[in-house]
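Letter by letter, the chains look like this.
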Amino acid sequence: MPGHLALVTDSTAYLPQEAVDRHRIRVVPLSVAVGDEVFAEGVEISPKDVAEALRSKQRVTTSRPSPETFAAAYWAAAEAGARGIVSIHLSAELSGTAEAARLASAAVPIPVRVVDSRLVGMALGSSVLAAAEAAVALDEARAGSESDAAPAGEGGVDAGATEADLDLVVAAAENRAAGTAGFFYVDTLEHLRRGGRIGTAQALVGSALAVKPLLHLAGGRIEPLEKVRTASRAIARLEEIAVEYAGRQPVDVTVHHLAATHRAEPLAERLRERIPGLKELYVSEVGAVIGAHVGPGLLAVVISPIVASSH
């Protein structure tokens, strides 16, 4: 649709493909290197591939998209008729992706707002979906009003109106992100330690063999939450934390895993029964980038309270 607001995110949002297609979200992939080979996440390498590489002790590293890759996505949106872009990405504490997006945004002929969600996985994804819904509402309102007034500004688009609309879409993303929480269990901290992604959780490394750590996203970083003695107790505690955080408010819930369907699906069914305000429930395997840092056995729960629209 000419004059629409476009949404861009990165491959660590792990959005359902149906949602990507419905909202025409442009997804820019991060890269995963296994040994000397480099692959685009979600395009050239699967979660199974990275789980097998980690189990076989191959060297697995990740890298952000280049600014040129973001610029290509932004130009494609502009050429498709977008009047503005909101680009929402994983935490800048974990990756340089948002910075690459900002570098690219300066060379695009339409306004681009870059948002550091301070989240990852469907915690990031929920923020993207909130922004997409806000953008659709604004586009529909604008389309309805054009029959009542002549288009203003160059190309029939009012620049001031576009900036104001971008403000509203960014606010929708940030409001959803502010209430969203991610809690997770890993079989070992070794992969997080090796990738330098655990922050103060390094204090747990020395006793990693004696405990099963529960972690969470805090201030955009991965931080320790609790220490539990066995995997079964850790998963039970993960369930309790998720139920307590959700309370009775309306929420969307995602259960993420890596090579642990046998853990994820039963947990999802228990949460379905125990969370009274549950709206959407997703079960999805994390992609290769996050998988490279957490390792096989990951089990995570994202709780995203649904924020009432201000429109």
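Residues numbered from 1 in each chain as written. Predicted model: local features only at pLDDT ≥ 70, side-chain atom pairs only at ≥ 80, totals over all residues. Heavy atoms only, no water.

Colleague: Break down helix α4 (residues 97-105) for me, with residues and values.
Modeller: When α4 is considered as a whole, its buried residues turn out to be Thr97, Ala98, Ala100, Ala101, Ala104 and Ser105. Projected down its long axis, α4 carries its buried residues within an arc of 160°, all on one side. (Buried < 20%, exposed > 50% of the residue type's maximum accessible area, 1.4 Å probe, protein only. Helix = DSSP H or I, 4+ residues; strand = E, 2+ residues; numbered from the N terminus. Arc of directions from axis to C-beta.)

Colleague: Could you give an account of the environment of Val32, with specific residues and numbers?
Modeller: By the element assignment, Val32 lies in strand β3 (residues 31-34). Along the sequence, Val32 and Ile290 sit 258 residues apart, while their C-alpha atoms lie 9.8 Å from each other. Not counting residues up to four positions away in its chain, the partners in contact with Val32 are Glu37, Val38, Phe39, Ile45, Val60, Thr61, Thr62, Ala288 and Val289. (Contact = heavy atoms within 4.5 Å.)

Colleague: Which residues make up the pairing of strand β10 (residues 221-228), and what values do they have?
Modeller: In the sheet, strand β9 (residues 212-218) pairs with β10 via 7 bridges, with the strands oriented antiparallel. What sits directly across from Leu217, in β10, is Ile222. Count of turn residues in the β9/β10 antiparallel hairpin: 2 residues, of which Gly219 carries a positive phi of about 60°. (Pairing = 2+ DSSP bridges.)

Colleague: Lay out the packing of helix α3 (residues 67-79) against α4 with the relevant residues and their values.
Modeller: It is at 8 Å that the axes of α3 and α4 come closest, and there the two elements cross at 55°. Taken together, α3 and α4 sit at an angle that is classed as oblique. Crossing of α3 against α4: the hand is right-handed. On the side of α3, the interface is formed by Pro67, Phe70, Ala71 and Tyr74, while α4 contributes Thr97, Ala100, Ala101, Leu103, Ala104 and Ser105. (Axes fitted to C-alpha atoms, helices over the stretch in contact; angles between N-to-C directions. Parallel < 35°, antiparallel > 145°, perpendicular 65-115°, else oblique. Left-handed = near helix turned anticlockwise from the far one by under 90°.)

Colleague: Outline the side chain of His256, supporting the account with residue identities and numerical values.
Modeller: Structurally, His256 can be placed in strand β11 (residues 251-257). Judged by relative accessible area, His256 falls into the buried class, the value being 3%. In this structure the side chain of His256 is engaged in a polar contact, spanning 2.9 Å, whose partner is the side chain of Ser284. (Polar contact = N/O pair within 3.5 Å; in protein donor to acceptor, adjacent residues only side chain to side chain.)

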